[in-house]
Every structure is written in structure tokens, then in C-alpha cells.
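Results of the structural survey
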Amino acid sequence: MKKKNVLLLCGGGSSEHEVSLRSVKYYEDCMAKMPNVNTIKIEIDKQGQWVDASGKRYLLDGKRFLRAFEQDGAPGTLIDVAIPCIHGYPGETGDLQSYFEMINLPYFGCNSETSKMCFNKITTKMWATALGVANTPYIFVSENSEESYKKVQEFQKTHGDIVIKASNQGSSVGCYMIEAGKDTRKALNDAFALSPFVLIEKRMRPRELEVSAYEYDGKLQISYPGEIVTPSSTFYTYEEKYSSASESKTFVRAENVTPEQVKTITDYATKLYHGLKIRHLSRIDFFLDDGKIYLNEINTFPGSTSISMFPKMLEANGHSFVTYLEQHIASL
């Protein structure tokens, strides 16, 4: 293929900004092995400015030219492909993808609509139910009112321990574990401070299994399930995921999972991938509770840090991440 200018975006405006900066290194290292790729890395800082490693500001115009902000008349560099390696806003939320679509810039990853649907935990659960994928019992509320509070209290009476989640956040941000009988008002207030919609689920204490779902050689691939094991006293919080003091463990290949459970996970992941029109990559997380499989969440741009499962499960599935990424860059 002819040499392509690939815009590699990182950072973003969410609480996962630093995680994105760590993830992008994996992509940089992979793309350095591709002779037909010229990588241009730009960070979107927390104020929304596009800057390079030296701090120089850039913009991407409607004709797909990336140019220095101060050089308004300069032609800049024509971008062939974009890779939004950003967790949370504006990468996983569909905002960047919408702009790319408007200026006809090919990009790696899910389209704007899929990104938006999967980033919203409530929408994801609705789609999963419609596609016949089992979910944990849930309700949602769309305003922080006394009526919503009473609705949550009734759900808590029925299900005991519950989880209150800000619906539009990633990496376990805005998730609150509430024991049976404990007041939910503070958690609701905190969740609404982060999101206009709040999800309430029955709390489970399951095994946490996940798969890499991606396209390789033109075919959908579902990896064997991996597993996250957290300390018994907690759940997989943001700190547990990324802190150097984390006691959580990851297993690229989960043990003691029956062939029937693996088949259910594979079937569910396949339904979700096609039904939600996921493209190129995703990590799909499940719960295994009392022998049954339930959807947890879908991540449309999974991380690639040293502890991230997506690239590890892809490689364990017999595929090269460099070849995988190179295939998609060439096809866009």
C-alpha cells in the first residue's frame, strides 16, 4: 500500500486522560513497525486543544488537513486515516467520530452511533435485551427528584444490595455500591453530578469474564474468555484497574469455565457485535453468576496499557496486533 499519514489522537477531556496517554504508546510502538505508515501523534488536552509533543497547537480542518493553529494559510499535512485512541470523551462517546464522518476522514474503530450507544450503559442494556442477551435486573432514572429516589428505594427493597451508576462514564467512574437498607440519596446525587441518566442494577458478586471481539483477515474473531479477579472486599474500580497498588489479577485465559459457558459468551458477543454494528474492535465484559452468563458492558475502544486485556487476548487468540492494525489501516 502507499504510505499513509495516520493521525493518532490521545488524551481527551475525561477522567481517563492519563490512561489514554499510556494506551497510545502501544499503538505508537506497533505503527513504528509499519513501513507504509507515517504516524502523527496529537494530544487533545483537558481544555480541548490539540497539541504535539512540543506543545504546538494544531487543528484538523474540513478538508482533512492538519496544520499548526498559528499558520492559518498553510496547507498542512493531508491526513489519510485517524485513530482515536481516547478513552471516554470525546473518543468513545462518538463526538470525534461524528466530525470524522462529516469531513469524510476514514478512521479506525466504531462509528459515531455505535460509540454513543455503547458508552451509555442504559442504552447498552436495552439493546442487549432486544438482542436476547441476558442482563442483570435494572431500572434507570432520568431526573434527580423525589419520585426517582422512591423508585430506587423500591428497587432496593426487592433486590437488596444494588449498584448505582452514572450512565455516561467509563472505567468504573461514578459507580457506587449500596448495601441493602442503606440510604441511596448521596450516591444518586453523586451519579447525577456526572451524568444526566443514572442506572441502578442488582448487585452481583460474580466472576468477571471478558472477550476481545475484533475483525482479522476480514472475519469476526471472538477470543477465549479472560478473567479479572479482584480482592473480595471490592469491585473493579478505576483505582483497582490502574493503580500501582492494585491487588487485582488478570488471567488471559480463564480457568474452570465450561464449554457451554464459553459458547454462551461467544454467542452473546457475536450477537452484540453484529446487532450494535460494532466495527474493528471491542472488549465485551460478562458476569458469571451461579452458572449463568450476563452482559456487564461493552468497551468500543479498549485500553492498551501494560495491564489491558484486549491486546493480550487478541495475541493469545493466535493473532498479531501489528498485523491486525496494519490490515485495518490499509483497508481504510
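Above this note sits the structure.
To start, this report covers the structure provided alongside it. As the structure is a prediction and not an experimental result, all values here were calculated from the model.

**Details of the overall build of the protein chain**
- In terms of regular secondary structure, the protein chain is built from 10 helices and 17 strands.
- Against the compact-globule benchmark of 20 Å for 332 residues, the protein chain has a radius of gyration of 20 Å, which places it among compact chains.
- In terms of overall dimensions, the protein chain has C-alpha extents of about 65 × 45 × 40 Å along its principal axes.
- Counted over contacts in the protein chain with a minimum sequence separation of 6, partners at least 24 positions apart contribute 66%.
- When the accessible surface of the protein chain is totalled, it reaches about 15,000 Å², and 50% of it is carbon and sulfur.
- Averaging the locations of the 38 positively and 41 negatively charged side chains of the protein chain gives two centres separated by 2 Å.

**Observations regarding the packing of helix H3 (residues 112–119) against helix H4 (residues 121–130)**
- Between H3 and H4, whose axes approach to 5 Å, the crossing angle comes to 100°. The orientation of H3 with respect to H4, classified from their angle, is roughly perpendicular. The residues of H4 that touch H3, namely those facing Met117, Cys118 and Phe119, are Lys121, Thr123, Thr124 and Trp127.
- In terms of residue class, the contact of H3 with H4 is built from 4 nonpolar, 2 polar and 1 charged.

**Quick word on the layout of surface pockets**
- Roughly 150 Å³ of internal volume is contained in the second largest pocket.
- Taken together, Gly12, Gly13, Ile44, Asp45, Lys46, Gln47, Gly48, Trp50, Tyr89, Pro90, Asp95 and Leu96 make up the full set of residues lining the second largest pocket.
- Here the lining of the second largest pocket is built from residues that sort into 5 nonpolar, 4 polar and 3 charged.

**Observations concerning the sheet that holds strand E11 (residues 198–202)**
- Taking strand neighbours across the sheet as the criterion, the 4 strands line up as E8-E11-E9-E10 in an open arrangement whose pairing is antiparallel. Edge strands, defined here as strands with exactly one partner in the open sheet, are strand E8 (138–141) and strand E10 (175–178). Taken over all neighbouring pairs, the strand axes of this sheet differ in orientation by 20° on average, direction set aside.
- Direction of pairing for E8 relative to E11: antiparallel, over a ladder of 4 bridges.

**What about the nonpolar core?**
- Judged by nonpolar contacts, the single largest core of 25 residues is most densely connected at Val211, Leu272, Leu276, Ile284, Phe286, Leu295 and Ile298.
- Of all the elements in the fold, those that place two or more residues in this core are H3, strand E12 (207–216), helix H8 (259–275), strand E16 (281–289) and strand E17 (292–299).
- Top element by residues in this core is H8. It accounts for 6 residues.
- When residues no more than four places from it in sequence are discounted, the contact partners of Leu272 are Ala128, Leu131, Val133, Lys277, Ile278, Ile284, Phe286, Leu295 and Ile298.
- In terms of nonpolar packing, the next biggest core, distinct from the first, is built from 24 residues, Val37, Cys85, Tyr216 and Leu281 among them.

**Considering the packing of aromatic side chains**
- Counted by the stated rule, this structure contains 12 aromatic pairs.
- With a centroid separation of 6.1 Å and an interplanar angle of 85°, the aromatic rings of Tyr214 and Phe310 are classed as edge-to-face. With Tyr214 in strand E12 and Phe310 in helix H9 (residues 309–316), this pair connects stretches of sequence that are 96 residues apart.
- Summarising the aromatic geometry, the rings of Phe310 and Tyr324 are spaced 6.3 Å apart at their centres and angled 55° between planes, so their arrangement reads as tilted. In this pair, Phe310 sits in helix H9 while Tyr324 sits in helix H10 (residues 321–331), placing the two residues 14 residues apart along the sequence. Across the pair, Tyr324 and Phe310 agree in class, each one buried.
- Taken together, the ring pairs connect Tyr26, Tyr27, Phe108, Tyr214, Phe301, Phe310, Phe321 and Tyr324 into an aromatic cluster.
- Positioned above the aromatic ring of Tyr224, the side-chain terminus of Arg253 is 3.8 Å from the ring centre.
- Across the ring face of Tyr107, the terminal group of Arg279 is positioned such that the distance to the ring centre comes to 4.9 Å.

**Looking at unusual backbone geometry**
- Of note, the bond from Tyr89 into Pro90 is cis; its omega dihedral lies within 30 degrees of zero at -5°.
- The phi torsion at Arg64 lies on the positive side, around 75°, for a residue other than glycine.
- Not every positive phi belongs to a glycine, and His280 is a case in point at roughly 75°.
- If you trace the backbone, His280 turns up in the loop between H8 and E16.

**Focus: H10**
- Within H10, burial applies to Phe321, Val322, Tyr324, Leu325, His328 and Ile329. Angularly, the buried residues of H10 cover 165° about the axis, an arc narrow enough to put them on a single face.
- Where H10 starts, the residue carrying a side-chain oxygen 3.3 Å from the main-chain nitrogen of Val322 turns out to be Ser320.

**Here we look at the packing of helix H1 (residues 17–31) against H10**
- Interaxial distance between H1 and H10 falls to 9 Å at its minimum, and their mutual angle equals 80°. The orientation of H1 relative to H10 falls into the category roughly perpendicular. Contacts from Tyr26, Tyr27, Cys30 and Met31 of H1 reach H10 at Phe321, Val322, Leu325 and Ile329.

**Quick notes on the environment of Asn296**
- Structurally, Asn296 is set in strand E17.
- Assessed through its relative accessible area of 16%, Asn296 is described here as buried.
- Separated by 160 residues in the primary sequence, Asn296 and Thr136 place their C-alpha atoms 7.9 Å from one another.
- Sequence-distant contacts of Asn296, that is, excluding residues within four places in its chain, are made with Lys165, Glu208, Asp285, Phe286 and Phe287.

Parameters and conventions
- Residues numbered from 1 in each chain as written.
- Predicted model: local features only at pLDDT ≥ 70, side-chain atom pairs only at ≥ 80, totals over all residues.
- Heavy atoms only, no water.
- Helix = DSSP H or I, 4+ residues; strand = E, 2+ residues; numbered from the N terminus.
- Rg over C-alpha atoms; globule rule 2.2 N^0.38 Å.
- Contact = heavy atoms within 4.5 Å.
- Areas by Shrake-Rupley, 256 points an atom, 1.4 Å probe, with all protein chains shown as cover.
- Lys, Arg positive; Asp, Glu negative; His and termini not counted.
- Charge placed at Lys NZ, Arg CZ, Asp CG, Glu CD.
- Axes fitted to C-alpha atoms, helices over the stretch in contact; angles between N-to-C directions.
- Parallel < 35°, antiparallel > 145°, perpendicular 65-115°, else oblique.
- Nonpolar A, V, L, I, M, F, W, Y, C, P; charged D, E, K, R; others polar.
- 1 Å grid on protein atoms, 1.4 Å probe; cavity = no way out; pocket = protein on both sides within 12 Å on 5 of 7 lines; lining within 4 Å.
- Points joined across faces, edges and corners; volume = space filled by probe spheres on them.
- Pairing = 2+ DSSP bridges.
- Core = buried A, V, L, I, M, F, W, Y, C linked by side-chain atoms within 4.5 Å.
- Buried < 20%, exposed > 50% of the residue type's maximum accessible area, 1.4 Å probe, protein only.
- Phe/Tyr/Trp six-rings, centres within 6.5 Å; stacked < 30°, edge-to-face > 60°.
- Lys NZ or Arg CZ within 6 Å of the ring centre and 35° of its normal.
- Arc of directions from axis to C-beta.
- Polar contact = N/O pair within 3.5 Å; in protein donor to acceptor, adjacent residues only side chain to side chain.

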